[in-house]
Amino acid sequence: MKRDTEFKHTVRIDWKHGDTISRWDEKCAYALETFGLPGDKFITHPNEDYMEFIFKEERDAIFFSLACQ
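Residues numbered from 1 in each chain as written. Predicted model: local features only at pLDDT ≥ 70, side-chain atom pairs only at ≥ 80, totals over all residues. Heavy atoms only, no water.

A. Structural context of the nonpolar core. One finds Val11, Ile13, Trp24, Ala31, Phe35, Phe42, Met51, Phe53, Phe55, Ala61, Phe64 and Cys68 forming the largest nonpolar core, which totals twelve residues. Listed by contribution, the elements that provide at least two residues to this core are β1 (9–14), α1 (21–35), β3 (50–55) and α2 (58–68). Phe35 has contacts with Lys41, Phe42, Phe55, Asp60, Phe63 and Phe64, leaving out every residue within four places of it along the chain. (Core = buried A, V, L, I, M, F, W, Y, C linked by side-chain atoms within 4.5 Å. Buried < 20%, exposed > 50% of the residue type's maximum accessible area, 1.4 Å probe, protein only. Helix = DSSP H or I, 4+ residues; strand = E, 2+ residues; numbered from the N terminus. Contact = heavy atoms within 4.5 Å.)

Laid out in structure tokens, this is it:
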């Protein structure tokens, strides 16, 4: 998986048994409302087991992690 070298701070959120679509919508909407569209402050890599939000700034990764874990 190719990653931009500017994005170094990863927050991995696992898909959990019992997660709902609306719960994931809330997490993704929070990222968009707080940090803007992917590509400027963060990028994402979803797969079948988890979704990674990868941030340029460590403080943004910490803030997102605290809000969405």
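Now that the structure has been shown, the text picks up again.
B. Main features of α1. Relative to the 21 Å expected for 15 residues at 1.5 Å per residue, α1 spans 21 Å between its end C-alpha atoms, a close match to the ideal helical length. Residues of α1 that are buried include every one of Trp24, Lys27, Ala31 and Phe35, and no others. All buried residues of α1 project into a common sector of 60° when viewed along the axis, lining one side. Residues of α1 that are exposed and point more than 90 degrees away from the buried face comprise Ile21, Glu26 and Glu33. Here the buried face of α1 lies against β1, β2 (42–46), β3 and α2. Looking one or two residues beyond α1, the residue adopting positive phi is Gly36, at roughly 85°. (Expected span 1.5 Å × (residues − 1). Arc of directions from axis to C-beta.)

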